Amino acid sequence: MAKRRPVIAGNWKMFKTVSEAENYAVSFLEEVKDVTELDIILCAPFTALYPLKNELEESVVHLGAQNMSWADQGAYTGEISAQMLLDVACTYVILGHSERRELFGETDQEIAKKVKKALAAGLTPILCVGENLNVREEGKAAERVQGQVTLALSSLSTEELSRMVIAYEPIWAIGTGKTASSKDAQEMCAAIRNTLTDLMGLNAEKVPILYGGSVKAENIAELLNEPDVDGALVGGASLDPLSFAKLVHNAAAVVARVVGI
Ligand code: PGA
């Protein structure tokens, strides 16, 4: 873990109105304002991004969106462009979350186009990959996830690849309370790094790979102790500002221990 700067990203999904987001930002910032050991990101719904831009300005917390169009602009009813996200000070965007793939039919090809567009615009994509329970039980989890990474990233240059963040999120662990064991998380994050090595050589060592799926303040330290797990994408446990701040502090404590601060 010490090789890369850790990332803790909250994914609020379809929760929080503007006033809820503003209140959250005030309490959360108060708790995490002195955390310097890792990158903290809040991925909020589109309507909360502009108010959060004002709340988070010049703070340690970065702003992210949860989806984005592959098109620049035009007649795409209901879509949001990279420029629109940059305009509200987003620096990250989650792409290919399993809920987008499973509930909204996003394909690997569309996700690849979105990743390319986000990078071209200067946003950092957080590409989500993960297998469902059937695939895991068939023993094909690594193969599935490596395939998703290859399909999303194979047309990118090494320079583009080195600006990526990847999140391994087993679908069976999302919102279920079932976390993958830290050994399983490590095995899959290492498999992803092997695929990245095929695509970009030794530069793969620089790409943060996060684990997501029922991460909480109580299990973040164990996950972060694994060598290829560089952080977490956190859904449910990011919705309360004080519990999420606790998770961030527990993660920062691991970093401080590893680097001997
Ligand atoms: P969870 O969600 O932490 O609620 O399991 C993670 C995610 O979907 O990003």
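Residues numbered from 1 in each chain as written. Predicted model: local features only at pLDDT ≥ 70, side-chain atom pairs only at ≥ 80, totals over all residues. Heavy atoms only, no water.

**Section: the overall build of the protein**
And then number 1: When helices and strands are counted, the protein shows 11 helices and 8 strands.
And then number 2: Here the C-alpha atoms of the protein give a radius of gyration of 17 Å, agreeing with the 18 Å that 2.2 N^0.38 yields for 261 residues.
And then number 3: Among the 261 residues that make up the protein, the fraction classed as buried is 52%.
And then number 4: Taking the intrachain contacts of the protein between residues at least 6 apart in sequence as the baseline, contacts between residues at least 24 apart amount to 74%.
And then number 5: A total of about 11,500 Å² of accessible surface is found on the protein, and carbon and sulfur atoms cover 52% of it.
And then number 6: Separation of charge centres in the protein, based on 24 positive and 35 negative side chains, amounts to 3 Å. (Helix = DSSP H or I, 4+ residues; strand = E, 2+ residues; numbered from the N terminus. Rg over C-alpha atoms; globule rule 2.2 N^0.38 Å. Buried < 20%, exposed > 50% of the residue type's maximum accessible area, 1.4 Å probe, protein only. Contact = heavy atoms within 4.5 Å. Areas by Shrake-Rupley, 256 points an atom, 1.4 Å probe, with all protein chains shown as cover. Lys, Arg positive; Asp, Glu negative; His and termini not counted. Charge placed at Lys NZ, Arg CZ, Asp CG, Glu CD.)

**Digging into the pairing of strand β6 (residues 165-168)**
And then number 1: Along β6, one buried face is formed by V165 and A167 and the opposite face, lined by I166 and Y168, is buried too.
And then number 2: Alignment of strand β5 (residues 124-129) against β6, held across 4 bridges, turns out to be parallel. Residue pairing for β6: C128 is matched across the bridge by A167.
And then number 3: As defined by bridge partners, β6 adjoins strand β7 (residues 209-212) across 3 bridges and the pair is classed as parallel. Directly across from A167, in β7, lies its bridge partner L210.
And then number 4: The handedness of the β6 to β7 crossover, carried by helix α9 (residues 182-200), is right-handed. (Pairing = 2+ DSSP bridges. Right-handed = clockwise from strand over helix to strand, strands pointing away.)

**Description of helix α1 (residues 18-32)**
And then number 1: Its 15 residues place the ends of α1 21 Å apart at the C-alpha level, agreeing with the 21 Å of an ideal helix rising 1.5 Å per residue.
And then number 2: Every buried residue of α1 is accounted for by A21, Y24, A25, F28, L29 and V32. An end-on view of α1 places all buried positions within 125° of arc, on one side of the element. In α1, the exposed positions that point more than 90 degrees away from the buried face belong to N23 and V26. (Expected span 1.5 Å × (residues − 1). Arc of directions from axis to C-beta.)

**Focus: the UniProt feature "binding site: substrate" (unreviewed entry) in the protein**
And then number 1: The UniProt record annotates "binding site: substrate" (unreviewed entry) at N11, W12, K13, G175, S214, G235 and G236. The greatest C-alpha distance among the residues just named is 13.9 Å, despite their covering 226 residues of sequence, which places them together in space. Residues that both appear in the annotated list above and line the largest pocket are N11 and K13.
And then number 2: On the secondary structure map, K13 appears in the loop between β1 (7-11) and α1.
And then number 3: Dropping the residues within four chain positions of it, K13 is found in contact with P45, Q66, H97, E99, I174 and G235.
And then number 4: Looking at the element boundaries, G235 is found in the loop between β8 (231-234) and α11 (241-259).
And then number 5: When residues no more than four places from it in sequence are discounted, the contact partners of G235 are N11 and K13. (UniProt positions renumbered as here; feature names shortened; annotations may be inferred. 1 Å grid on protein atoms, 1.4 Å probe; cavity = no way out; pocket = protein on both sides within 12 Å on 5 of 7 lines; lining within 4 Å.)

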